[in-house]
Amino acid sequence: AAEHRLLARNIMRRNTAASQAILLLFFGVPLADSFLAPSSLGHLHLPGRNTASARIGDQRFSPVGQRNNPARSLTRSQACRRERCNVLSMDASIVEEPETEGLGMPSLQSVKNVRDLASVQNSPIKPGRIFRAACVGTACETDAPAIVENFKTLIDLRSEKEWNGDVIKYNSTVFDQYDSLIYSVKKSKSGRPKLIVPSSTEVSVSGSSTLERPRTRHMLSVIDESIYKRGVFKRFGMRKKLKAAAYMGVNFPKAKRIFLDYINSAGLPLLNELILDYGGPAIKAVMEVLSEKDNLPVAFYCTAGKDRTGLVSMLVLSALGVSDEDIINDYVLSDTVYADLNDKSAMVGALQQEQLDPERFLRAPRSVMETTIALLRNDYGGAHAYLESIGFGPDKIERMRAALCED
């Protein structure tokens, strides 16, 4: 602790390369790997709920889900009864769910938030080829056969910490029917992911690799706690970096609070910004899986099928020419999924739910996707330019289009 304080004081005296020095300090201290894990503090009171605005990179946006939101006058049960329409933030607009008749949708009882991307308004995708969902590990006995029958390939967007806990959390055999393809992340000297490659395969209990139609689950995490820590620290001003670094040596709970306060004030747009910033290699790998006709039908999912899944869905649909408005209208259909899951232990973007402001993290207001699409356009030039920047250029997009949209 004394060494940490001394280093912080030295950094204050010499501002040269301060950010890098503090970053090394922050990621070198004990407990760094569990910085955002639950602590003995219990549920922290996290301010920021009434903040007028928060900075995300170079963007400014108004936080969503405020107390004066007229949409909050509707209870979740009322929203569901309205033919499962979804209440939107700010303007309380109502968007009806798309018709799914004839789309080859599997009938699932326990797995929530399942949608065929062909159901999105004006989607060019052929029915039955690509689905989004909440975690399929929630599958009951009747769901598991339907999943195996309808989805040849699964893409798991969750972190390693999350899917390692499936054996304890879920009592489902559905994953036993898939070979799990595990990927290794190659990082640059600065710690930024730069390449993701298959590293090992766990053969399914059923031995699906010997079947006529082998089934595979691709473990492609797009964000984890380490990315949150690194990304948030990078976005701190110098004063807050110094403060966080100094507290790490003497008062760990206060250091943790600094990070969580920032995350809660920024909300879901920060999650999406970090995925775009750090998740490029995993996103590229996801797109490559979707581009192989032999992998279809594919289902991709995270915990609730709302945030990480919603971002990947947005990139796929936007790359295939679907309008921003139609993408946003699809995103808000996930507004009640955490209420439907009714699981307080369910992770939110690789973070513990109990640490997060439910008004900003558990719903799916249109302002979140609007902000994300604006950031994608302003910072990267749009979906096509972003995908090209991560190594998934026009030729590969056309290959994905052929796999998903052509007969």
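As a reminder, the structure under discussion sits directly above these lines.
Residues numbered from 1 in each chain as written. Predicted model: local features only at pLDDT ≥ 70, side-chain atom pairs only at ≥ 80, totals over all residues. Heavy atoms only, no water.

Draft legend 1. Geometry of the overall build of the protein chain. Helix and strand counts for the protein chain come out as 18 helices and 11 strands. Expressed as a percentage of the 407 residues in the protein chain, the buried residues total 55%. Here the contacts in the protein chain between residues at least 6 apart in sequence split such that 76% fall between residues at least 24 apart. (Helix = DSSP H or I, 4+ residues; strand = E, 2+ residues; numbered from the N terminus. Buried < 20%, exposed > 50% of the residue type's maximum accessible area, 1.4 Å probe, protein only. Contact = heavy atoms within 4.5 Å.)

Draft legend 2. Region of the structure containing the packing of aromatic side chains. Under the counting rule described, the total for this entry stands at 7 aromatic pairs. Taking the centre distance of 5.0 Å and the plane angle of 55° together, the rings of Phe 131 and Phe 151 count as tilted. Highlighted residues: Phe 131 in strand S6 (residues 130-133) and Phe 151 in the loop between helix H4 (143-150) and strand S7 (153-156), separated in sequence by 20 residues. Centre to centre, the rings of Phe 233 and Phe 259 are 6.4 Å apart; their planes meet at 15°, and the pair counts as stacked. Here Phe 259 lies in helix H9 (residues 252-266) and Phe 233 lies in helix H7 (residues 225-235), a separation of 26 residues in the sequence. With respect to burial, Phe 233 and Phe 259 carry one shared label: buried. Taking the ring centre of Tyr 278 as reference, the NZ or CZ of Arg 192 above it sits at 4.3 Å. (Phe/Tyr/Trp six-rings, centres within 6.5 Å; stacked < 30°, edge-to-face > 60°. Lys NZ or Arg CZ within 6 Å of the ring centre and 35° of its normal.)

Draft legend 3. Region of interest: the pattern of salt bridges. The tally for this structure, following the rule as stated, stands at 22 salt bridges. The residue Glu 273 makes a salt bridge to Arg 235 at a minimum N-O spacing of 3.2 Å. Here Glu 273 is found in helix H10 (residues 268-278), whereas its partner Arg 235 is found in helix H7, with 38 residues between them in sequence. Where Arg 366 meets Glu 370, a salt bridge forms, and the shortest distance between an N and an O atom there is 3.0 Å. Note that Arg 366 and Glu 370 are positioned in helix H16 (residues 366-380) at a spacing of 4 residues, about one turn of the helix. Overall, Glu 370 belongs to the partly exposed group, its relative accessible area being 36%. Each of Arg 192, Lys 234, Arg 235, Glu 273 and Asp 277 takes part in one network of salt bridges that share partners. (Salt bridge = Lys/Arg side-chain N within 4 Å of Asp/Glu carboxyl O.)

Draft legend 4. Just unusual backbone geometry, in detail. The omega angle of the peptide bond from Leu 296 to Pro 297 is -5°, so this bond is cis rather than trans. Of note, Pro 297 is situated in the loop between helix H11 (280-290) and strand S11 (298-301). If you check the backbone angles, Asn 113 has positive phi at about 60° while not being a glycine. By secondary structure assignment, the location of Asn 113 is in the loop between strand S4 (94-95) and strand S5 (115-116).

Draft legend 5. Just the side chain of Asp 335, in detail. You can see Asp 335 is positioned in the loop between helix H13 (324-331) and helix H14 (337-341). In this structure the side chain of Asp 335 is engaged in a polar contact, spanning 3.0 Å, whose partner is the backbone nitrogen of Ala 364. (Polar contact = N/O pair within 3.5 Å; in protein donor to acceptor, adjacent residues only side chain to side chain.)

Draft legend 6. The arrangement of the layout of surface pockets in detail. The volume enclosed by the largest pocket comes to roughly 530 Å³. Forming the boundary of the largest pocket are 27 residues, of which Ser 159, Glu 160, Val 185, Ser 221 and Asp 224 lie nearest the centre. Elements represented by at least two residues in the lining of the largest pocket include exactly helix H5 (160-164), strand S8 (179-187), strand S9 (193-202), H7 and H11. A class-by-class count of the residues in the lining of the largest pocket yields 16 nonpolar, 4 polar and 7 charged. (1 Å grid on protein atoms, 1.4 Å probe; cavity = no way out; pocket = protein on both sides within 12 Å on 5 of 7 lines; lining within 4 Å. Points joined across faces, edges and corners; volume = space filled by probe spheres on them. Nonpolar A, V, L, I, M, F, W, Y, C, P; charged D, E, K, R; others polar.)

Draft legend 7. Summary view of the environment of Ala 255. Relative to the helices and strands, Ala 255 resides in helix H9. C-alpha of Ala 255 to C-alpha of Ala 244: the two residues are 11 residues apart in sequence and 5.1 Å apart in space.

Draft legend 8. Up close: a positive patch on the surface. A surface patch of like charges, here positive, comprises Arg 239, Lys 240, Lys 243, Lys 254 and Arg 257. Within the residue set of the positive patch, elements represented by two or more residues are helix H8 (238-250) and H9. Among the elements that line the positive patch, the one with the most residues is H8, at 3 residues. Within the fold, Lys 243 resides in helix H8. (Patch = residues over 30% accessible without salt bridge, like charges linked within 9 Å, V, L, I, M, F, W, Y side chains within 5 Å. Areas by Shrake-Rupley, 256 points an atom, 1.4 Å probe, with all protein chains shown as cover. Lys, Arg positive; Asp, Glu negative; His and termini not counted. Charge placed at Lys NZ, Arg CZ, Asp CG, Glu CD.)

Draft legend 9. Structural context of the sheet that holds S8. Strands sit in the order S5-S6-S11-S7-S10-S8-S9 across an open sheet of 7 strands; the sheet is mixed. The strands lining the two open edges of the sheet, one partner per strand, are S5 and S9. Where S8 and strand S10 (residues 216-219) come together, 4 bridges link them in parallel fashion. Across the sheet, residue Leu 181 finds its bridge partner in S10, namely His 218. (Pairing = 2+ DSSP bridges.)

Draft legend 10. The arrangement of the pairing of S9 in detail. In the sheet, S8 pairs with S9 via 8 bridges, with the strands oriented antiparallel. Looking at S9, one finds that Val 185 is bridged to Ile 196. Linking S8 to S9, which pair antiparallel, is a turn of 5 residues; within it Gly 191 sits at a positive phi near 95°.

Draft legend 11. A look at the packing of H8 against H9. Here H8 crosses H9 at 150°, and the two axes come no closer than 6 Å. Here H9 runs roughly antiparallel to H8, going by the angle between their axes. The handedness of the crossing between H8 and H9 is left-handed. Between H8 and H9, the residues in contact are Lys 240, Lys 243, Ala 244, Tyr 247, Met 248 and Val 250 and Phe 252, Lys 254, Ala 255, Ile 258 and Phe 259, respectively. Residue classes in the contact of H8 with H9 are distributed as 8 nonpolar, no polar and 3 charged. (Axes fitted to C-alpha atoms, helices over the stretch in contact; angles between N-to-C directions. Parallel < 35°, antiparallel > 145°, perpendicular 65-115°, else oblique. Left-handed = near helix turned anticlockwise from the far one by under 90°.)

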